[in-house]
Amino acid sequence: MAARLFASIRLASLVAKKDLIEELRTGYTLLTIFLFVVAAVAMTSFVIGPVLIPAELHAVLLWIIIFFASQFIFNRSFVKEEEQGTASALKLSTAPLNVYLGKLLSNLTLLSGLVLLTLFCYYFFVAPPGGGFLLVAAIAIAASTCLAGASTILSALAAKADAGNALFVALVFPVILPILFTAAKLTEVVFRGAIFQEIISGLLFLISIAVVLITLSVLLFDYVWRD
Amino acid sequence: MDSYIEIKALSKSFDNKPVIVDLNWRIDQGKCCMVAGPNGSGKSTLLKMICGLLQPKEGRVDFILAGKKIKPHVLFRYVGLTSPDLNLYGKLTVFENLVLFARLRDVQNWKKKITELLDFFELEKFAFQQFSCLSTGIKQRLKLASALVHEPLFLVLDEPGAGLDHTGKLMIYKVLDQQLKKGLAVMATNDEEEVKKYGSETIRLNPFSQPGG
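Residues numbered from 1 in each chain as written. Chains lettered and ligands numbered in written order. Predicted model: local features only at pLDDT ≥ 70, side-chain atom pairs only at ≥ 80, totals over all residues. Heavy atoms only, no water.

**Q** Can you walk me through the overall build of chain B in this structure?
**A** Secondary structure summary: chain B contains six helices and nine strands in total. Computed over its C-alpha atoms, the radius of gyration of chain B comes to 17 Å, within 12% of the 17 Å expected for a compact globule of 213 residues. Intrachain contacts of chain B at a sequence separation of at least 6 include 71% that bridge at least 24 residues. Only carbon and sulfur atoms are counted for the fraction: they give 49% of the accessible area of chain B, which is about 9,700 Å². (Helix = DSSP H or I, 4+ residues; strand = E, 2+ residues; numbered from the N terminus. Rg over C-alpha atoms; globule rule 2.2 N^0.38 Å. Contact = heavy atoms within 4.5 Å. Areas by Shrake-Rupley, 256 points an atom, 1.4 Å probe, with all protein chains shown as cover.)

**Q** Help me understand the packing of aromatic side chains, please; the structure alone is not making it clear to me.
**A** Pairs of aromatic rings are described using the distance from one ring centre to the other and the angle between the two planes. All names here are of chain A. A complete count under the given rule lists 14 aromatic pairs over all chains for this structure. Summarising the aromatic geometry, the rings of Phe36 and Phe72 are spaced 6.0 Å apart at their centres and angled 65 degrees between planes, so their arrangement reads as edge-to-face. Placement of Phe36 in helix H2 (residues 28–48) and of Phe72 in the loop between helix H3 (55–70) and helix H4 (77–84) is noted, with a sequence separation of 36 residues between them. The exposure class of Phe72 is partly exposed, given its relative accessible area of 29%. Arranged with centres 5.5 Å apart and planes meeting at 45 degrees, the rings of Tyr100 and Phe221 form a pair that is tilted. (Phe/Tyr/Trp six-rings, centres within 6.5 Å; stacked < 30°, edge-to-face > 60°. Buried < 20%, exposed > 50% of the residue type's maximum accessible area, 1.4 Å probe, protein only.)

**Q** Looking at this structure, I do not really get the interface of chain A and chain B. What am I missing?
**A** Interfaces are often described in size by the accessible area the parts lose on coming together. Taken together, the contacts link 23 residues of chain A with 24 residues of chain B. In this assembly, chain A packs against chain B so that about 2,300 Å² is buried in total across both faces, 60% of it on carbon and sulfur atoms. The tally of links between chain A and chain B comes to two salt bridges. Note that A:Arg25 and B:Glu96 form a salt bridge whose closest N and O atoms lie 2.7 Å from each other. (Buried area = accessible area lost by both parts, 1.4 Å probe. Salt bridge = Lys/Arg side-chain N within 4 Å of Asp/Glu carboxyl O.)

**Q** Any chance you could explain helix H6 (residues 96–125) of chain A here in plain terms?
**A** Given 3.6 residues per helical turn, the α-helix brings residues three or four places apart onto the same face. In a regular helix each residue adds 1.5 Å, so 30 residues correspond to 44 Å; H6(A) covers 43 Å between its end C-alpha atoms and thus fits that length. After H6(A) finishes, the residue A:Ala127 shows a positive phi value of roughly 50 degrees. (Expected span 1.5 Å × (residues − 1).)

**Q** Where do I start with the sheet that holds strand E6 (residues 79–82) of chain B in this structure?
**A** The pairing of strands in a sheet comes from backbone hydrogen bonds and takes either a parallel or an antiparallel form. All names here are of chain B. Within the open sheet, the five strands sit side by side as E6-E7-E8-E3-E9. Their pairing is parallel. Strands at the two margins of the open sheet, each flanked by one partner only, are E6 and strand E9 (201–204). Averaged over all pairs of adjacent strands, the angle between their axes in this sheet comes to 15 degrees, without regard to strand direction. Two strands pair when backbone bridges link them, and strand E7 (residues 154–158) and strand E8 (residues 184–189) are joined in this way by five bridges, in the parallel orientation. Note that in E8 the partner of Leu157 across the bridge is Met187. (Pairing = 2+ DSSP bridges. Axes fitted to C-alpha atoms, helices over the stretch in contact; angles between N-to-C directions.)

**Q** Mind showing me how you'd approach the pairing of E8(B) here?
**A** Residue and element names in this part refer to chain B. In terms of burial, E8 is largely enclosed, as six of its six residues are buried. Here E8 shows no split at all, with Leu184, Val186 and Ala188 on one side and Ala185, Met187 and Thr189 on the other all buried. For strand E3 (residues 32–36) and E8, the ladder comprises five bridges, and the chain directions are parallel. Of the residues in E8, the one forming a bridge with Ala36 is Thr189. Of the crossover connections in this fold, the one passing from E7 over helix H5 (residues 166–182) to the parallel E8 is right-handed. (Right-handed = clockwise from strand over helix to strand, strands pointing away.)

In structure tokens form, the structure reads like this:
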């Protein structure tokens with residue numbers, strides 16, 4: 001059992017590495033994300049200036065930037081495979097579980113990078129009240145895991161449909177809203193000066209959502225991946 | 001080892017238009033089954049159904065290895081496919097593509113196997129070029145190499161000669177000769193010469209009609 005799990009992780013990491021190399025060499029997506037995040041945070045900093053704004057507004061601004069930036073990552077992995085005609089090659093090369101875990105890993109890596117970049121920029125340019133960088137980073141990573149879990153399986157579903165992009169938006173919206181609400185609320189609590197013990201229940205909630213989403217996806221992916 | 005592919009009552013239609021109707025066939029080890037027919041007759045559809053990339057409307061395809069049916073979720077270990085619809089990763093180099101598919105298929109001694117394939121398909125000088133920068137013929141050679149990297153028992157070739165020069169086509173014939181010694185092959189083609197040369201069995205498909213042998 002453990003050997004099979006390690007083998008799956010090893011093969012999944014090959015799929016993830018391939019995705020990340022392709023993204024790095026294409027450059028377009030990563031550059032667009034970088035420019036969007038830096039521009040959005042710099043604009044926020046410029047408009048707010050020295051004015052003190054409430055913690056909830058900081059939390060909302062931060063998560064709006066993360067949400068919009070993440071749209072460049074969402075829905076890419078499987079749609080790209082189908083559009084480029086590489087999905088068949090992947091289907092004839094490894095088990096569906098390895099493909100799902102690989103895609104999840106690459107989405108998670110990209111999303112985590114994105115949220116950490118946004119956080120660094122936001123703390124550097126805007127300097128929200130309450131500090132708590134590590135706590136907000138923990139919330140952001142937990143939320144990223146949920147978002148990656150949801151977007152990976154939904155992107156696989158959408159890639160099969162003729163109007164894949166429209167379907168993806170319709171499917172993903174009700175799933176990610178509760179995640180974003182929770183993450184924004186927890187971030188606001190941290191910006192008000194909360195300590196770890198005050199956000200632990202919220203963090204556990206996000207982790208539970210991630211576990212449920214990923215478990216369901218692992219169970220369903222075989223059916224989604226097949227024709 | 002007795003290995004074969006058994007096609008049972010296979011049917012497929014698109015938008016209620018039948019493409020394949022009630023096809024029954026058996027392809028034995030050591031045989032090359034040619035699939036011939038004009039454009040739109042369903043050759044690629046049939047090959048995709050054989051590989052499990054497309055679900056039939058009715059019927060099924062069984063892969064038998066040493067008398068036992070291979071389960072669909074491990075079929076990828078035994079099947080190699082080259083098709084115009086199947087692409088490799090454009091931003092990865094020739095070598096990286098081969099390494100990826102060899103390692104995903106758990107090929108033991110993959111470095112040696114890749115070196116052999118690069119040599120056989122004369123791809124050494126393109127090894128560090130990205131797939132998207134290659135010519136059509138070289139891409140086709142790489143697709144063939146990636147289909148063979150795990151030494152599949154069942155080789156499925158959909159118009160493998162498309163875009164290949166004379167040297168490239170000779171490579172395919174060599175591959176087929178080697179393949180028939182250890183497994184079997186199914187090949188779709190419009191080239192009657194190839195059908196005559198290798199078609200010990202031929203499935204002839206006609207647009208929207210029943211196939212005939």
